[in-house]
Amino acid sequence: MFAPGLFDPLTMDEMLAVYAFLFSQPALNLTPIEAADNNDNFVAWLQLQPPNKQQASAWLEQQDQLAAAASGGNSSSVPPPPLLPQPPRTALAMLIQGRQHPPRVAQIAVGPLPQPSNWSYVPLSAQVDTAGWLQRPYSGPEANRVALLINSAAAPLVPLMKEAFDGWYYDPGSTCGSRCLVYSLGAPFWAGPAAAGGSRVGPGSTDGKRWLWIFFYRNLEGHHLHTVGLELQLDVSTEDPAGWAAGQAWLGGTLWPSPQALAAAWNSSRANSSSANSSSSNGSAPGADAAALELLRSFHLPSPDPKDALFSTFVPRSADGTPTAAAAGGVPPASAPRPPLQYEPDGRRFRLSASGLGVEGWMGWSLALGHSPTAGLSFWDVRFRGERLLWELSLQEAYAGYGGPSPTQAHTQYLDGHWGMGAAYKELAAGLDCPSNAAFMDLPVSFNSGPQLTRNAVCVFELSLGQPLLRHWADAGGSPAYYGAVPGSVLVLRSISAVYNYDYVADLRLHLDGSIEVAVHTTGYVQSSWYSRAQQGSTYGYPYSPHNSGTIHDHLLHWKVDADIAGTPNSIRIDSVELQERPGAEGFGGGAPWFSKRMAQSFPDSEGEATLLWNGSSKAQPDKAHGPGLFYIINANATNRWGSARGYRLQHTYSTQQVLPPADKFGNSQGFAWSKYKVAVTARREAEPASSSSLNQPLPYAPIVNFDTLLEASQPDGSSNNSSSSSNSSSSSGDSIVQQDLVLWVTSGLQHLPGAEDAPVTPTSGPALGFWLRPFNYFDESAAASQPDMVYMPALTRQQAEAAAAAAAAGDHTFSLAAAAANGSAANGTAPGRAAAAAAGAGALSGLAASQAGLGRDDMIALVSITGADALTAARRGIQPHVGVPLRQQCMPRPASVPFNGSYAPTFSAAWAVPPGTQPVAAPGSGTGGGGAVNGSGAGNATTPAGSIATYG
């Protein structure tokens, strides 16, 4: 059993120890959440408190030095400095304290782990110490109380439901049988004029309201696509649930002050026309007008027949919507061809860390994993070739903002951190969610419950991209002829968070050239709306059934990137593309002027100058938009061999503009102020670890973390950035960012207008949300050029190729082309012969080794495909493939009738396969490179399954 690392999520044992300690503290007066009422004191969730960067990085640096000394890498006689203590592990617990006066939400630190002995209150953020009762996170105990309120609020509407929804109704006693309605919750917890008016309800204030809107669905598979058009408002503001009450009700385009008023209006609409028109005066439906009653009179949602309900399911069906024979079993028929599978001929090329929650050894990459139950996975101490690139990479928030005809749809703005993105991991299915050969990790989670272990919550795998990362075929006349390539592969760390209806497939992808890719694909069910073409047309979305549609919404994801590029001090550079007019006097183009592009560099000095809005302008100069620009984080004091500042480029993969008005017109915007910026840059401050808070969801107009406030925050030493004594600030533009420890806050977004193809669920075939960090002058050349996957194949001369063909014709199927090259030209001591002989000795791909460059186009013969080469290499090294997964393709020699004219393309056959159960034996007359390196370095023994290879070369 290994001790957890600095960044590892809390273990099950640590969580249990924290709970045992907290329940023993009388001052906290805690009740287990499973037994708690809404106004009790209980723990909402637990997570690890990340270590202090300065302390942790110093300790890690010393550990690196000790490891180097232990391996003989440090022969210094200078005594080592005193050992630094490992930073202690500490838990953070979010408490709902309903028994406080006034009730509140607070956070405590508990430690040291694994056996905690003390606790203390810590601020929820640098801006807010504790939160008021209206800002409490939606919890299991509150959900239980809300369910009771819905029961009473819906009771007057049961007759209406049965009639309007063709026998479907809501009944907690389940007497509705197969025609039950279920409900879901909108967000934020609407608080009326304060949210729209731009005012702020202070933490702990009793002002404002906590309103919930719920909406009903038919309880069918894929119920998210079967809304019925009924919504209820609930007032849950008071401390005592006895004071909670139902508010407004909405049905099919009509809004009513209460469920009782809606029920009365419904009854009036069912009366004869004259009674309905006079209902306002006879008291049966106070406040109702004729138009609203007419809408109710025409409202009816027929029950879908089984075939019509199939669209929201994963039941196998044919193109015309008829269930197939596989529907009963739910799996493809045995006769259906299977999709491709991943294959690792030498086993995994990465390893998990000792604790099982980190990755080491993949092509120079290493990192540690962290986890938050609200935001999900985070990545720490990310290194390439021993150099740290990132201290922290973590998702901060996921926003989804909707538009629609109903109250819920019109005001829904989900902040999914509140709903437990990190706690919504479900077990990943090998071969579906991840390749079957992936490594899987378990994650302990405590969110709205005691500690629970999610099996196979994260997967790690190497993925072949099926395309080269680097590649060139050179056969230009007079130039050396060769083929060179690096096959593209990435290491993927994946989690999938199923937050109610939506699934976020989140990848971190590490590339061979040192690039870091963040990619999140959205899938799962869209949030649907009741639909009436007569009322709505295509204002909010397009229908996928007679009475349901998706609604327009956007997804915005926001990350923290604490970068340490070539060291901790970093700066920002922006390279803009400008149009340059060149005068005719320069003498080009016959004396006429012409236009070309040039680069203009800028080096922002302050946070505001480097923080970019969606239109390309900066926060400091919002009215001055820039042209096309490239954004870099660099170390101005570290250069590569060519004198350029070492850096990484930030490149978005998908972006959309947030269209909501500013906070002075729409107060809720304060809760996701980060969404205004494509990228923001701040000097790192230990007291500001996040750009958002999971507690921003209930009342976004009163956020626990306002990102705009963070951008205008104090100096790292605590002084105000507006202080006249501060020489490190740029007044309203924020702190200096010149050679500072910097954090990038990166946002990526997309507009989603669902169509019929979003049923049953949204496909992942669209672009991913995310960004790239790509090395730019960080190295002296592409880092991929020195990866062991590099393939280099000079061309074969006519003499070499004919020697191989003659050997093959004579039945010598193990005769290598390299040997033919050596036999054919080594006698006269030519450079091609010497090079070929050397390559033959190395031999990892001896059949493809060839002469030194310098051959003309007419002497070139086409080379074997990389796929075929990999298969042959695996066999020669004695790698036994998975049973039933044949490796195929061989390069056939040029037929004698085809001249060597430079245009010949080889043909391939499927003549080679490894029989199941065959044992590897030594192959005659060949040698391999160490570890199968295709560049032929090293030496080793080659083996091949007996009788399984018939190859030319």
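Every value quoted in this text rests on a predicted model; they were computed, and no experiment measured them.

Caption draft 1: Geometry of the environment of Gly484. Counting through the fold element by element, Gly484 comes out in strand S19 (residues 482-499). For Gly484, a relative accessible area of 14% corresponds to the buried category. C-alpha of Gly484 to C-alpha of Arg471: the two residues are 13 residues apart in sequence and 5.6 Å apart in space. Apart from the residues lying within four places of it in its own chain, the contact partners of Gly484 are Leu470, Arg471, His472, Val791 and Tyr792.

Caption draft 2: The state of the cysteines, seen in detail. Under the criterion given, the structure shown has two disulfides. Here Cys176 engages in a disulfide with Cys180; their sulfurs sit 1.8 Å apart. Looking down the S-S bond of the Cys176 and Cys180 bridge, the torsion is 95°, so its handedness is right-handed. Assessed through its relative accessible area of 7%, Cys176 is described here as buried. Cys434 shares a disulfide with Cys459; S-S distance 2.1 Å. Judged by the sign of its S-S torsion, about -85°, the bond between Cys434 and Cys459 is left-handed. Here the residue Cys434 occupies a position in the loop between strand S16 (413-415) and strand S17 (439-445), and Cys459 occupies one in strand S18 (residues 452-474), the gap between them amounting to 25 residues. Within the protein, bonded cysteines paired by disulfides and numbered along the sequence follow the pattern 1-2, 3-4.

Caption draft 3: Inspection of the pairing of strand S7 (residues 211-218) at higher detail. With seven of its eight residues buried, S7 lies for the most part within the structure. Bridge count for strand S6 (residues 181-185) against S7 is five bridges, and the pairing is antiparallel. Within S7, the position partnered with Ser184 by the bridge is Phe215. Across six bridges, the pairing between S7 and strand S8 (residues 227-235) is antiparallel. In the sheet register, Trp211 faces S8, and the bridge partner there is Asp235.

Caption draft 4: Structural context of the packing of helix H6 (residues 259-270) against helix H9 (residues 290-298). Where H6 contacts H9, the two axes come as close as 9 Å, and the packing angle between them is 75°. Taken together, the axes of H6 and H9 are roughly perpendicular relative to one another. Across the interface between the two elements, Leu262, Ala265, Trp266, Ser268, Ser269 and Arg270 of H6 pack against Leu293, Leu296 and Arg297 of H9. Classifying every residue of the contact of H6 with H9 by side-chain character gives five nonpolar, two polar and two charged.

Caption draft 5: Region of interest: the pattern of salt bridges. For the structure shown, the criterion picks out 31 salt bridges. In this structure, Glu142 and Arg136 form a salt bridge, with 3.0 Å as the shortest nitrogen-oxygen distance. Here Glu142 and Arg136 have matching classes, each one buried. Note that Arg685 is salt-bridged to Asp735, the shortest N-O span being 2.4 Å. A residue pair is termed long-range when its members are at least 10 positions apart, and Arg685 in the loop between strand S31 (677-683) and helix H13 (707-711) and Asp735 in the loop between H13 and strand S32 (742-752) qualify at 50 residues. Both residues of the pair, Arg685 and Asp735, belong to the buried class. Through salt bridges with shared partners, a single ionic network connects Lys53, Asp562, Asp564, Arg684, Glu686 and Asp741.

Caption draft 6: Broad picture of the sheet that holds strand S22 (residues 528-530). Here we have three strands laid out as an open sheet, ordered S22-S24-S23, and antiparallel in their pairing. Each edge of the open sheet is held by one strand with a lone partner, namely S22 and strand S23 (543-545). The mean inter-strand angle of the sheet, taken between neighbouring strand axes irrespective of direction, is 40°.

Caption draft 7: Local environment of the nonpolar core. The biggest cluster of nonpolar side chains holds 123 residues, and the ones touching the most others in it are Phe165, Leu493, Ile516 and Ile572. Top element by residues in this core is strand S15 (residues 387-402). It accounts for seven residues. Not counting residues within four places of it along the chain, the set of residues in contact with Ile516 comprises Trp365, Val382, Leu389, Leu390, Leu393, Leu508, Arg509, Leu510, Phe771, Trp772 and Leu773. Listed in part, the 17 residues of the second largest apolar core include Phe21, Val43, Leu95 and Val110.

Caption draft 8: Looking closely at a nonpolar patch on the surface. On the surface, a cluster of nonpolar side chains totalling about 260 Å² of accessible area is made up of Tyr542, Ile552 and Leu753. Secondary-structure assignment places Ile552 in the loop between strand S24 (548-550) and strand S25 (553-563). Owing to a relative accessible area of 36%, Ile552 belongs among the partly exposed residues under this scheme.

About the criteria used
Residues numbered from 1 in each chain as written. Predicted model: local features only at pLDDT ≥ 70, side-chain atom pairs only at ≥ 80, totals over all residues. Heavy atoms only, no water. Helix = DSSP H or I, 4+ residues; strand = E, 2+ residues; numbered from the N terminus. Buried < 20%, exposed > 50% of the residue type's maximum accessible area, 1.4 Å probe, protein only. Contact = heavy atoms within 4.5 Å. Disulfide = S-S within 2.5 Å. Pairing = 2+ DSSP bridges. Axes fitted to C-alpha atoms, helices over the stretch in contact; angles between N-to-C directions. Parallel < 35°, antiparallel > 145°, perpendicular 65-115°, else oblique. Nonpolar A, V, L, I, M, F, W, Y, C, P; charged D, E, K, R; others polar. Salt bridge = Lys/Arg side-chain N within 4 Å of Asp/Glu carboxyl O. Core = buried A, V, L, I, M, F, W, Y, C linked by side-chain atoms within 4.5 Å. Patch = residues over 30% accessible without salt bridge, like charges linked within 9 Å, V, L, I, M, F, W, Y side chains within 5 Å. Areas by Shrake-Rupley, 256 points an atom, 1.4 Å probe, with all protein chains shown as cover.

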